[in-house]
Amino acid sequence: MFDVKFIDRAREIEALRNWCSHQRYTPLYIYGPEGCGKTRLLKEFVKIFEDYFGEGSIALYIDAMERHSVDQAIFSSKSVELVRDVILAITERFVGYVGRVLANSISTLLEKAIINKRLEDNYIFVAVDDVVRVIGLNQIEWYVKWLFETMNKLSEIYRPRAINFIVTTSEGVSLELISRHRHVHPVLLWNLDKDSFESLFYELKPPSNTKFEDIWYLFGGNPGKLIELSKDLNWNVEEMLKLYRDRISKIVIEIISAGLSNELELVINDITILDKIHKDPELSKRLIKLAEILIDKNLLIYKKWTTITRGEIKSQLDIGIGEYYAWQVPMYRDIMKKILTELSNA
């Protein structure tokens, strides 16, 4: 299924194993940079779920972003046999993303679409990936409450040993919305550390003229960006920078139009300026507005959350990680800096 080796997420896998070994009160909400490896982590965990919890256990992964293919939208642990007719009957009743329909049909999937598995006295795990992009910010609070209620209702009816749900997103605005409520437990998943990122770098067989240190400072450990560079762009860094510059240029213009160019320059040069916004009320308003734009565009991330392994992401200013905020990948910061420099010299 995967043509790129799964690199060094042993601590995260163990954290998921520990989470799923007991009945939890709330679903887990995994939040992290786009491309940090949330999807891959969950799929790998589903693959080995039965190794931890026995052959009778049940694990499902649902890709809420999948538009058309049922086979791509749902993935199960190795001995789970799904009734295709039931799944097709679920999806054919609704118009829209196949993955979204399945994400809204968890009870039916567990109760009717699995052959020769019982829910009673069993370990059950369901992961719903990237749901915010499909349902929208205006629905995410409702959805996590519905997940919370569905998980606890199934627990009361079937009395499994443990039934746990996980949702993932890279949408920072959604985290602010759901953190107001008790229906979900947010945790952070970050990019790979430098050693793990280096292992993946050489696993992908870069050309001899592509230096690891350059790629580390470009992506800051983001495996998705590294795989995109190697698989989609054949290690052409300049082409990748141009590709992202075209996207980011529009955002820079939006920020300048909002009168926040000076604030953007401050943040580009020192991400920790965002850690000090409460010291200057007038500056604070403008920096908060800038941060909101950058988070909404998935360029910046608020990182002062406990990680999935119950740790925290330490500051690394050279790759754009401050105490409270970080660039999702340092490439975004560098591209913005270049655009601002060119505009000021024009």
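The text that follows walks through the structure, step by step, so that each part is easy to find. (Residues numbered from 1 in each chain as written. Predicted model: local features only at pLDDT ≥ 70, side-chain atom pairs only at ≥ 80, totals over all residues. Heavy atoms only, no water.)

1. Some remarks on the state of the cysteines
Keep this limit in mind: Note on terminology: disulfide denotes any pair of cysteine sulfur atoms within 2.5 Å. Partly exposed residues are those whose accessible area sits between 20% and 50% of the maximum for their type, while under 20% is buried and over 50% is exposed, using a 1.4 Å probe and protein chains only.
Enumeration according to the criterion identifies zero disulfides in this entry. Between Cys20, a cysteine without a disulfide, and Cys36, which holds the nearest cysteine sulfur, the sulfur-to-sulfur distance is 18 Å. The exposure class assigned to Cys36 is buried, which follows from its relative accessible area of 1%.

2. Section: the pattern of salt bridges
Applicable threshold: Any Lys or Arg side-chain nitrogen located within 4 Å of an Asp or Glu carboxyl oxygen qualifies as a salt bridge. Per the convention used, a helix needs a DSSP run of H or I reaching at least four residues, while a strand needs a run of E reaching at least two, with both numbered from the N terminus.
Applying the stated criterion across every chain, the model contains 17 salt bridges. Here Lys78 ties to Asp51 by a salt bridge, and the two come within 2.7 Å at their closest N and O atoms. Highlighted residues: Lys78 in the loop between strand 3 (74–76) and strand 4 (81–82) and Asp51 in helix 2 (residues 38–53), separated in sequence by 27 residues. When its relative accessible area of 57% is taken as the criterion, Lys78 is described as exposed. A salt bridge links Arg286 to Glu263; its shortest N-O distance comes to 2.7 Å. Taken together, the residues Arg286 in helix 15 (residues 281–296) and Glu263 in helix 14 (residues 261–269) connect sequence positions 23 residues apart. When salt bridges with common partners are traced through the structure, they connect Glu34, Asp130 and Arg133 into a single cluster.

3. With respect to helix 11 (residues 212–219)
The line we're drawing: Throughout, the arc means that of the directions going from the helix axis to the C-beta atoms. Contacts are residue-level and defined by heavy atoms, with any inter-residue pair within 4.5 Å sufficient.
Taken together, the buried positions of helix 11 are occupied by Phe212, Ile215, Trp216, Leu218 and Phe219. Projected down its long axis, helix 11 carries its buried residues within an arc of 165°, all on one side. The inward-facing, buried residues of helix 11 abut helix 10 (194–203), helix 12 (223–232), helix 13 (237–257) and helix 16 (330–345). Gly220 lies just past helix 11 and shows a positive phi near 60°.

4. Overview of the side chain of Lys225
Threshold: The charge count treats Lys and Arg as positive and Asp and Glu as negative. His and the chain ends do not count. Here a polar contact is recorded for every N or O atom pair within 3.5 Å, except that within protein the pair must consist of a potential hydrogen donor and a potential acceptor, and residues adjacent in sequence are included only if both atoms are side-chain atoms.
With respect to the helices and strands, the residue Lys225 is situated in helix 12. Despite its burial, Lys225 remains without a salt bridge, the nearest opposite charge being carried by Glu228 at 4.7 Å. Within polar-contact distance, the side chain of Lys225 engages the side chain of Tyr332 at 3.2 Å. Apart from the residues within four sequence positions on either side, Lys225 is in contact with Glu34, Phe219, Met240, Tyr244, Val329, Met331 and Tyr332.

5. Quick notes on the side chain of Ser230
The topology assignment puts Ser230 in helix 12. A distance of 3.1 Å separates the side chain of Ser230 from the backbone oxygen of Ile227, its partner in a polar contact. Discounting residues that sit within four places of it in the chain, Ser230 has contacts with Leu204 and Trp235.

6. Looking at the pairing of strand 2 (residues 58–63)
Filter applied, for reference: Strand pairing requires that DSSP identify at least two bridges connecting the strands.
In terms of residue burial, strand 2 counts as a mostly covered element, since six of its six residues are buried. Of the two faces of strand 2, the one holding Ile58, Leu60 and Ile62 and the one holding Ala59, Tyr61 and Asp63 are both buried throughout. Across six bridges, the pairing between strand 2 and strand 6 (residues 123–129) is parallel. From the neighbouring strand, Ala59 faces strand 6, where its bridge partner is Phe125. Where strand 2 meets strand 3, three bridges bridge the pair, whose relative direction is antiparallel. Looking at the pairing, Leu60 lines up with Ser76 of strand 3.

7. Structural notes on helix 1 (residues 10–20)
For an α-helix, 3.6 residues make a turn, and residues three or four places apart therefore share a direction. For helix 1, the set of buried residues is Glu12, Ile13, Ala15, Leu16, Trp19 and Cys20. The arc that holds every buried residue of helix 1, seen down its axis, measures 160°, which confines them to one face. Relative to its buried face, helix 1 has exposed residues pointing more than 90 degrees away, namely Ala10 and Arg11. Tucked into the core, helix 1 has its buried residues touching strand 1 (28–31), helix 2, strand 6, strand 7 (162–169) and strand 8 (185–188).

8. Points about the packing of helix 11 against helix 16
Inclusion rule: The convention used is that axes are lines fitted to C-alpha atoms, helices contributing only their stretch in contact, and that angles between N-to-C directions extend from 0 to 180 degrees. When an angle is under 35 degrees it counts as roughly parallel; over 145 it counts as roughly antiparallel; between 65 and 115 it counts as roughly perpendicular; any other value is oblique. Each residue gets one label: Ala, Val, Leu, Ile, Met, Phe, Trp, Tyr, Cys and Pro are nonpolar, Asp, Glu, Lys and Arg are charged, and the others, such as Gly, are polar.
Where helix 11 contacts helix 16, the two axes come as close as 5 Å, and the packing angle between them is 85°. Considered as vectors, helix 11 and helix 16 are oriented roughly perpendicular to each other. For the pair helix 11 and helix 16, contact is made by Tyr217, Leu218 and Phe219 and by Pro330, Met331 and Asp334, respectively. Its residues placed into classes, the contact of helix 11 with helix 16 shows five nonpolar, no polar and one charged.

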